[in-house]
Amino acid sequence: MKVSQNWLKELVDINTTPEKLSDKLSIGGFEVESLIDTSSKFKGIVLGKVLSAEKHKNSDKLSICKVDTGIDELQIICGADNVRSNIYVYVATIGTHLDKINLTIKASEIRGVYSEGMICSLEELGLEDKSEGIAIIENSVSQKFKLGTPISDILELNDFIYELAITANRPDGMSMIGIAREVSALLQTKLTDLEISE
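Rules and cut-offs
Residues numbered from 1 in each chain as written. Predicted model: local features only at pLDDT ≥ 70, side-chain atom pairs only at ≥ 80, totals over all residues. Heavy atoms only, no water. Helix = DSSP H or I, 4+ residues; strand = E, 2+ residues; numbered from the N terminus. Contact = heavy atoms within 4.5 Å. Buried < 20%, exposed > 50% of the residue type's maximum accessible area, 1.4 Å probe, protein only. Pairing = 2+ DSSP bridges. Expected span 1.5 Å × (residues − 1). Axes fitted to C-alpha atoms, helices over the stretch in contact; angles between N-to-C directions.

So, about the side chain of Glu-116. Considering the arrangement of structural elements, one finds Glu-116 in the loop between β10 (113–115) and β11 (118–119). Residue contacts for Glu-116: discarding those within four places in its chain leaves Glu-73, Leu-74, Gln-75, Ile-76 and Ile-94.

In this model, Asn-86 sits at a positive phi of 65°, which is unusual for a non-glycine residue. By secondary structure assignment, the location of Asn-86 is in the loop between β5 (73–78) and β6 (87–92). A residue is classified by how much of its surface remains accessible, and Asn-86, at 52% relative accessible area, is exposed. Of note in the backbone geometry, Arg-111 takes a positive phi value of approximately 55° without being a glycine. Relative to the elements of secondary structure, Arg-111 occurs in the loop between β9 (108–110) and β10.

With that settled, consider the pairing of β5. Taken across its six residues, β5 has five buried, putting it largely inside the fold. Alignment of strand β4 (residues 63–68) against β5, held across six bridges, turns out to be antiparallel. Bridged to Asp-68 within β5 is Glu-73. The loop that links β4 with its antiparallel partner β5 comprises four residues; one of these, Gly-70, has a positive phi angle of about 90°.

Attention shifts here to the environment of Leu-191. Looking at the element boundaries, Leu-191 is found in the segment after α5 (176–187). With eleven residues separating them in the primary sequence, Leu-191 and Ala-180 have C-alpha atoms 7.2 Å apart. The contacts of Leu-191, once residues within four sequence positions are left out, are Leu-11, Val-12, Ala-180, Arg-181 and Ser-184.

Moving on: α5. Between its terminal C-alpha atoms α5 stretches 16 Å, which fits the 16 Å expected from twelve residues at 1.5 Å a residue. Looking only at α5, the buried set comprises Met-176, Gly-178, Ile-179, Ala-180, Glu-182, Val-183, Ser-184 and Leu-187. Where α5 is buried, its residues contact β1 (2–4), α1 (5–9), α2 (18–27) and β13 (160–165). Directly after α5, the chain includes Gln-188, whose backbone phi takes a positive value near 55°.

Attention now moves to the sheet that holds strand β2 (residues 31–37). Backbone-to-backbone hydrogen bonds join strands into a sheet, with any given pair of strands oriented parallel or antiparallel. The strand order across the open sheet built from three strands is β1-β13-β2, with neighbouring strands paired in antiparallel fashion. The open sheet has two free edges, formed respectively by β1 and β2, since each of these has just one partner strand. Mean inter-strand twist for the sheet, computed between neighbouring axes without regard to direction, equals 25°. Summarising the sheet, β2 and β13 pair through six bridges and their orientation is antiparallel.

Structure, rendered in structure tokens:
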């Protein structure tokens with residue numbers, strides 16, 4: 001069974017780290033087969049603003065973009081039709097690995113022009129099956145965050161997933177409420193009062 005820590009926190013107070021909670025659950029009879037940090041595959045992807053987008057002299061399809069990430073102003077070559085100045089985007093910085101397309105971002109030269117990052121589509125980030133162009137973030141969303149904010153904060157992707165091995169003698173572990181009760185007992189913390197309608 002897979003358990004979201006964010007969901008679990010709605011049911012019970014958690015006063016320890018995911019790693020320590022994993023150990024306590026395993027000792028308590030719910031073996032944790034894996035613990036996944038859902039934000040880990042989005043490390044290095046941040047909120048950026050395209051300051052300018054000019055056509056590449058050696059390509060009809062490429063644009064040379066100046067992008068502000070809050071810390072640095074990067075030059076990024078982008079091939080998306082919908083890139084333009086004064087939009088907010090998700091930027092994969094140098095060293096970031098994009099699992100979906102199995103690509104590690106490196107500084108490179110594209111048609112004679114230096115590029116130091118990648119402006120991403122939701123498809124390239126693994127958040128959509130198919131995307132038409134780069135992801136453009138609505139102003140109503142972008143204005144809530146500083147440039148350079150990790151995408152995991154913007155899209156609330158910060159979570160830990162516990163994969164539990166539930167044995168036949170512990171059917172109480174087959175529900176979130178059952179796991180929350182166990183966590184409450186293991187950590188000696190308060191269980192949220194639940195309203196259950198009939």
